[in-house]
Each structure stands twice: as C-alpha cells, then as structure tokens.
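# Fold and geometry: a report
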Amino acid sequence: MRDIDELRPLTAGRLLALWREARESSEDPLERALLCNAGIAAACCFRRGKPVFADRQAALAALTGRQLERLLLRLAEAEPAPAGTEALSEATGNPAFDQRRFDALREG
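Presented here is an overview of the structure given in this document. (Residues numbered from 1 in each chain as written. Predicted model: local features only at pLDDT ≥ 70, side-chain atom pairs only at ≥ 80, totals over all residues. Heavy atoms only, no water.)

### Overview of the packing of aromatic side chains
Applicable threshold: Only centres within 6.5 Å qualify two rings of Phe, Tyr or Trp (six-membered ring in Trp) as a pair; their planes then separate them into stacked at under 30 degrees, edge-to-face at over 60, and tilted for everything else. Any Lys NZ or Arg CZ that is within 6 Å of a ring centre and within 35 degrees of that ring's normal is treated as a charge sitting over the ring.
Applying the stated criterion across every chain yields a total of 0 aromatic pairs. Note that R8 overlies the ring of F46, its terminal NZ or CZ placed 3.6 Å from the centroid.

### Some remarks on the packing of helix α1 (residues 12-25) against helix α2 (residues 29-44)
The cut-off we apply is this: Only the stretch in contact is used when a helix axis is fitted, and all axes are lines through C-alpha atoms; the angle between N-to-C directions ranges over 0 to 180 degrees. Strands are runs of DSSP state E lasting at least two residues, helices are runs of H or I lasting at least four, and both sets are numbered from the N terminus onward. Convention used here: angles under 35 degrees read as roughly parallel, angles over 145 as roughly antiparallel, angles from 65 to 115 as roughly perpendicular, and any remaining angle as oblique. Left-handed describes a crossing in which the near helix is turned anticlockwise from the far one by less than a right angle; the clockwise case is right-handed. Throughout, a contact is declared for two residues whenever any of their heavy atoms are within 4.5 Å. In this classification, the charged set is Asp, Glu, Lys and Arg, the nonpolar set is Ala, Val, Leu, Ile, Met, Phe, Trp, Tyr, Cys and Pro, and all remaining amino acids, among them Gly, are polar.
Packing of α1 against α2 leaves a shortest axis separation of 8 Å and a crossing angle of 140°. The angle between α1 and α2 falls in the class oblique. Considering the relative orientation of α1 and α2, their crossing is right-handed. Facing α1, whose interface residues are L15, L18, W19, A22, R23 and S25, α2 presents R32, L35, C36, G39, I40 and A43. Among the residues forming the contact of α1 with α2, the class breakdown is 8 nonpolar, 2 polar and 2 charged.

### Brief notes about the pattern of salt bridges
For the record, the criterion: Here, a salt bridge means any side-chain nitrogen of Lys or Arg that lies within 4 Å of a carboxyl oxygen of Asp or Glu. With a 1.4 Å probe rolled over the protein chains alone, any residue whose accessible area is under 20% of its type maximum counts as buried; one over 50% counts as exposed, and the rest are partly exposed.
Under the defined criterion, the tally for this structure stands at 4 salt bridges. As a salt-bridge pair, R8 and E6 come within 3.0 Å of each other at their nearest N and O atoms. Take R8: its relative accessible area is 31%, and that puts it in the partly exposed class. Taking the relative accessible area as the measure of exposure, E6 reaches 32% and is therefore partly exposed. For E21, the salt bridge is made with R14, and the minimal N-O distance between the two is 3.8 Å. Judged by relative accessible area, E21 falls into the partly exposed class, the value being 38%. Owing to a relative accessible area of 35%, R14 belongs among the partly exposed residues under this scheme.

### Here we look at unusual backbone geometry
The phi torsion at R48 lies on the positive side, around 55°, for a residue other than glycine. Assessed through its relative accessible area of 67%, R48 is described here as exposed.

### Here we look at the side chain of R56
Note the following rule: When charges are tallied, Lys and Arg are placed among the positive residues and Asp and Glu among the negative ones, while His and the ends of the chain are skipped. Any pair of N or O atoms that falls within 3.5 Å is considered a polar contact. Within protein, one atom must be able to donate a hydrogen and the other to accept it, and sequence-neighbouring residues count only if both atoms are side-chain atoms.
If you trace the backbone, R56 turns up in helix α3 (residues 56-62). With no salt bridge to any partner, buried R56 finds its closest opposite charge in E21, at an N-O distance of 4.8 Å. There is a polar contact of 2.7 Å between the side chain of R56 and the side chain of S25. The contacts of R56, once residues within four sequence positions are left out, are E21, A22, S25, L35, A38, G39 and A42.

### Focus: the state of the cysteines
Selection criterion: Working definition: a disulfide is two cysteine sulfur atoms within 2.5 Å of each other.
All told, the structure shown has 0 disulfides when counted by the stated rule. Free cysteine: C44, not disulfide-bonded; nearest cysteine sulfur from C45 at 6.4 Å. A relative accessible area of 1% places C44 in the buried class.

### With respect to the environment of N37
Checked against the element boundaries, N37 lands in helix α2. The spatial distance from the C-alpha of N37 to the C-alpha of A22 is 9.0 Å, given a sequence separation of 15 residues. Every residue in contact with N37, bar those within four places of it in the chain, is listed here: L68 and L72.

Listed below in structure tokens is the structure:
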C-alpha cells in the first residue's frame, strides 16, 4: 500500500456525490459499493499534502479489498472534534454549525 500520512474526512455532501457517481457507473450493488469506497479513498488519502490516488480507478489498481477496508475503518474511527461550537466549527469547516442546537435536536 502506498504511504498515506493524512486521511481527510469528507463532508456528507461529498460522500453523497461519490455514491451517486458510483450508482450511475454500475447497477450491481457490490460493484457500486466498491467503486464508491475507492472514490472515498481517492478523495481522502494524502501524502505530503498531495492526493495519493488520482481517482477511484487508481485506488482500485493500488489497493487490495482488505487495504481499502482498513482505510475506510480508520477514516470512520477518526477522533471526533472536541465538544463545543468553536472546535467543531473549525474541524468541519462550517462556521454556522451550532453544536448545542444539534445536540438538542438529536435528543428530541
């Protein structure tokens, strides 16, 4: 596997766009999932500030299924930002995010 020194999480909107691209590429659910996962890897993996993979095809060519799975698990298990509006806003890049309101809505 190529050296990866940074995994950058994606926004929900970018994840949705990658899923839609994969959905348009294949009707087979397993192939669609693999294409989407490779797209996520291509968008999230960096080495010295530069993308490790040019696109999802490059990620598929370079990674085994197990390596791709491990990368996605690392990305999913990344530490969340510390509690508090300021820290979360900076971590997500969304200055309008209100952690207290989000918590209140989640609790019902």
